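Residue-level listing of the chains:
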Amino acid sequence: MIPLSVLDLSPITEGGTASQSLANTLDLARHAERLGYKRYWLAEHHNMAGIASAATSVVIAHVAAGTRTIRVGAGGIMLPNHAPLVIAEQFGTLAALHPGRIDLGLGRAPGTDMLTARALRRNLEAGADSFPQDVVELMNYFAPAEPGQRLRAVPGEGQDVRVWILGSSLYGAQLAAILGLPYAFASHFAPAELENAIAVYRSRFQPSERLDKPHVMLGLNVFAAETDAEARLLFSSLQQAFVNLRTGHPGPLPPPVEGYDRELEPTARAMLAQALSCAIVGSPETVKRGLEAFIARTGADELMVTAQIFDHAARVRSFEILADVHSQLSKAA
């Protein structure tokens, strides 16, 4: 059975605070470690009232210090927002503090609106177009220093930081294949190119010192509860957040609403059906069937599971149910 990992946006709920959100993140990471999840990734987003992981490397340090064995990383760092040397130093420091546990997923989107992107970068000329060169530059900082090398990442050089390419289109698939890196596809919110991206990545993959064969990790929403009805209710928080975001009104994660999707206009319902098509929502048996079907359809090597659930206890319980289902499938396999 393929491994499961966790993607956390450290959601800030309506009426909640960033402090509560970050405390919940560490608590969920500890549960994920206990339950056997392989990785715990945090995502970089900016100027969003419902996401507390903007300073992603800082939150990774918080989670890694509070856990012992689970791999911790970024899903991802939006590299156009940063100088590669700065990220090499940050993640080199994390790897020095937590050897053998740090992942670095790299994306080329800004993770925000253009106004905020300008505030982050100051100079948009070195943006997404230089992403391939920036990735290579960043990876070179992790290599052992050459004699006489004038520019070095300290900490960074010689550190074991696992680099991934993230994407939601064919661009990232092609780059990951050319560089011989593992590839994580954002099917949990942008599934349109899922099958094509997997095919391109696997067919064009070139083995490298970092990876000898293609490795695909797919994002997947899983909302698990004791009953299908309860899971659908929990799922309504994410549905509301997506509609709010797509209509220009992002905010904290709202509480669940019974029958939310039945009241939606057809255009909003169609948008949710497309954007959140890679979602498994239901009881343990429903989750089991959905998980088997998704793996069989995609041939994924690993799944990165996310669950934007308003109530923290229900969120933890969702990951517990999924871990139990995964254990059952592993034993059957």
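In case you missed it, the structure is sitting above this.
Predicted, not measured: the structure shown is a model, and the values here were computed from it. (Residues numbered from 1 in each chain as written. Predicted model: local features only at pLDDT ≥ 70, side-chain atom pairs only at ≥ 80, totals over all residues. Heavy atoms only, no water.)

Q: Tell me about the pattern of salt bridges, and name the residues and values.
A: Per the counting criterion, the structure on display carries 12 salt bridges. Here Arg317 and Glu226 are joined by a salt bridge, their closest N and O atoms 2.9 Å apart. Remark: Glu226 occurs in the loop between β7 (216-224) and α8 (228-246) and Arg317 occurs in helix α11 (residues 312-332); sequence separation between them is 91 residues. Residue class for Glu226 comes out partly exposed when judged on its relative accessible area of 44%. (Salt bridge = Lys/Arg side-chain N within 4 Å of Asp/Glu carboxyl O. Helix = DSSP H or I, 4+ residues; strand = E, 2+ residues; numbered from the N terminus. Buried < 20%, exposed > 50% of the residue type's maximum accessible area, 1.4 Å probe, protein only.)

Q: Describe in detail helix α7 (residues 194-204), supporting the description with residues and values.
A: Those residues of α7 that fall on the buried side of the exposure criterion are Leu194, Ala197, Ile198, Val200 and Tyr201. Here the buried residues of α7 occupy an arc of 165° about the axis, which is enough to place them on one side. Structurally, α7 contributes buried residues whose contacts are with α6 (170-179), β6 (183-185), β7 and α10 (284-298). (Arc of directions from axis to C-beta. Contact = heavy atoms within 4.5 Å.)

Q: Can you lay out the nonpolar core for me, pointing to particular residues and giving the numbers?
A: The biggest cluster of nonpolar side chains holds 91 residues, and the ones touching the most others in it are Phe91, Leu104 and Leu303. Examining the composition of this core, we find that 8 residues originate from one element, α11, more than from any other. Look past the residues within four positions of Phe91 in its chain and what remains in contact with it is Ser57, Ile60, Ala74, Ile77, Ile102, Asp103, Leu104, Phe142 and Val161. Grouped together as the second largest cluster of nonpolar side chains are 11 residues, Leu9, Trp41, Ile51 and Met78 included. (Core = buried A, V, L, I, M, F, W, Y, C linked by side-chain atoms within 4.5 Å.)

Q: Outline the pairing of strand β3 (residues 71-78), supporting the account with residue identities and numerical values.
A: The element β3 is largely enclosed, with a buried count of 8 among its 8 residues. Two strands pair when backbone bridges link them, and strand β2 (residues 39-42) and β3 are joined in this way by 4 bridges, in the parallel orientation. When the bridges of β3 are listed, Trp41 appears paired with Gly73. Between the parallel pair β2 and β3, the chain is carried across by helix α2 (residues 56-65), and the sense of this crossover is right-handed. With helix α3 (residues 84-97) bridging β3 and its parallel neighbour strand β4 (residues 102-107), the resulting β-α-β unit is right-handed. (Pairing = 2+ DSSP bridges. Right-handed = clockwise from strand over helix to strand, strands pointing away.)

Q: So, the side chain of Ser10: which residues are in play, and what are the values?
A: By secondary structure assignment, the location of Ser10 is in the loop between β1 (4-8) and α1 (18-35). Overall, Ser10 belongs to the buried group, its relative accessible area being 0%. For Ser10, the residues in contact, after removing those within four places along its chain, are Ser21, Leu22, Thr25, Gly50, Ile51, Ala52 and Ser53.

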